[in-house]
Amino acid sequence: EVCVPIQPFPPLGERLEVLETGFGPGVPPWMARVLSRLCVNPLMGEFLSAVHENHPDLAPNYLNAVRRPIDLGRICCRARAGGYSGANGVEKFRRHIQRVFSNAEAYNRDDAVMRSISCHLRIYFENLWLEFAPEEGLTDEARQERTAKRRSARKYRSTFLHGETLSASNLAA
């Protein structure tokens, strides 16, 4: 009997570095950063491949409820193939990832846990988007939305870090 020593799981930073460089030269660095961080998130497991691969028994109902299925694995493949390059590539990438979560929310209307996970991951993606996505390639509307979200995020972080009480009144101000 041969005993193979168990290798320690590499730290997150090393895993991200391997993932980011593994997307290839056709994927912009900012997109590789977003995708790699999504891929290593433990909650993304159900979203990494198509529903019919994860749950073949759900496939017929899922396809009735969701018109345009998409998963993170398909998005990664499309990114590697250069499917998000060009004038509309940045917005198309964002819409596709948002569609992963809106599809999950549409199908899981009665499953509070999956809706909650999807909502959490959508917020996580939006924060990654704010941090890494470039300004060029965004529509004017998307640029304005991004600026407003950044201001809101800064205000929230400032409020949170200084120990002030969060309430609807001081978040709306």
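Given the structure is predicted, the values throughout are model-derived calculations rather than measurements.

1. Structural notes on the pattern of salt bridges
If charged atoms from side chains of opposite charge come close, those side chains can pair. In this structure the tally under the stated criterion is three salt bridges. Asp71 is the salt-bridge partner of Arg74, the closest N and O atoms lying 3.9 Å from each other. On the accessibility criterion, Arg74 (36% relative accessible area) is partly exposed. For Asp71, a relative accessible area of 8% gives the class buried. Two residues, Arg94 and Glu126, come together in a salt bridge whose shortest N-O distance is 3.0 Å. Separated by 32 residues along the polypeptide, Arg94 in helix H6 (residues 89–107) and Glu126 in helix H7 (residues 112–132) bring together distant segments of the chain.

2. Structural notes on the packing of H6 against H7
In a pair of packed helices, the angle between the axes and the distance between the axes together describe the arrangement. Relative to each other, H6 and H7 sit at 165°, their axes nearing to 8 Å. Between H6 and H7, the angle is such that the two are roughly antiparallel. Every pair of crossing elements has a handedness; the one defined by H6 and H7 is left-handed. Between H6 and H7, the residues in contact are Val90, Glu91, Phe93, Arg94, Ile97, Gln98, Phe101, Ser102, Ala104 and Glu105 and Arg115, Ser118, Cys119, Leu121, Arg122, Phe125, Glu126 and Trp129, respectively. Considered class by class, the residues forming the contact of H6 with H7 number nine nonpolar, three polar and six charged.

3. Considering the packing of helix H2 (residues 29–40) against H7
Where H2 contacts H7, the two axes come as close as 10 Å, and the packing angle between them is 155°. The orientation of H2 relative to H7 falls into the category roughly antiparallel. Here H2 and H7 pass one another in a crossing that is right-handed. Mapping the contact onto sequence places Trp30, Arg33, Val34, Arg37 and Leu38 in H2 and Tyr124, Phe125, Leu128, Trp129 and Phe132 in H7. Here the contact of H2 with H7 is built from residues that sort into eight nonpolar, no polar and two charged.

4. Looking at the packing of aromatic side chains
For the structure shown, the criterion picks out six aromatic pairs. Relative to Trp129, the ring of Trp30 lies with its centre 5.8 Å away and its plane at 85°, an arrangement referred to as edge-to-face. Here Trp30 is found in helix H2, whereas its partner Trp129 is found in helix H7, with 99 residues between them in sequence. Both residues of the pair, Trp30 and Trp129, count as buried. Here the aromatic cluster, defined as three or more aromatic residues joined through ring pairs, consists of Trp30, Tyr84, Phe93, Phe125 and Trp129.

5. Looking at the confidence of the model for the protein
Looking at the protein, pLDDT values average 78 and 75% of them are 70 or higher. Here helix H9 (residues 168–172) is the element of the protein with the lowest mean pLDDT, 45, and H6 is the one with the highest, 93. This model gives residues 1–10 a pLDDT under 50, and the stretch forms two contacts once residues within four places in sequence are excluded. Residue range residues 157–173 is modelled with pLDDT below 50. Its contacts to residues more than four positions away, or to other chains, number eleven contacts.

6. Concerning H2
Between its terminal C-alpha atoms H2 stretches 17 Å, which fits the 16 Å expected from twelve residues at 1.5 Å a residue. When we look at burial in H2, the residues that qualify are Trp30, Met31, Ala32, Val34, Leu35, Ser36, Arg37 and Leu38.

7. As for the nonpolar core
One finds Trp30, Leu35, Ile75, Phe93 and Ile97 to be the most contacted residues of the largest nonpolar core, which totals 30 residues. Elements that contribute at least two residues to this core include exactly H2, helix H5 (72–80), H6 and H7. Ile97 has contacts with Leu35, Leu38, Leu72, Ile75 and Phe125, leaving out every residue within four places of it along the chain.

Scoring rules and cut-offs
- Residues numbered from 1 in each chain as written.
- Predicted model: local features only at pLDDT ≥ 70, side-chain atom pairs only at ≥ 80, totals over all residues.
- Heavy atoms only, no water.
- Salt bridge = Lys/Arg side-chain N within 4 Å of Asp/Glu carboxyl O.
- Buried < 20%, exposed > 50% of the residue type's maximum accessible area, 1.4 Å probe, protein only.
- Helix = DSSP H or I, 4+ residues; strand = E, 2+ residues; numbered from the N terminus.
- Axes fitted to C-alpha atoms, helices over the stretch in contact; angles between N-to-C directions.
- Parallel < 35°, antiparallel > 145°, perpendicular 65-115°, else oblique.
- Left-handed = near helix turned anticlockwise from the far one by under 90°.
- Contact = heavy atoms within 4.5 Å.
- Nonpolar A, V, L, I, M, F, W, Y, C, P; charged D, E, K, R; others polar.
- Phe/Tyr/Trp six-rings, centres within 6.5 Å; stacked < 30°, edge-to-face > 60°.
- pLDDT = per-residue confidence, 0-100.
- Expected span 1.5 Å × (residues − 1).
- Core = buried A, V, L, I, M, F, W, Y, C linked by side-chain atoms within 4.5 Å.

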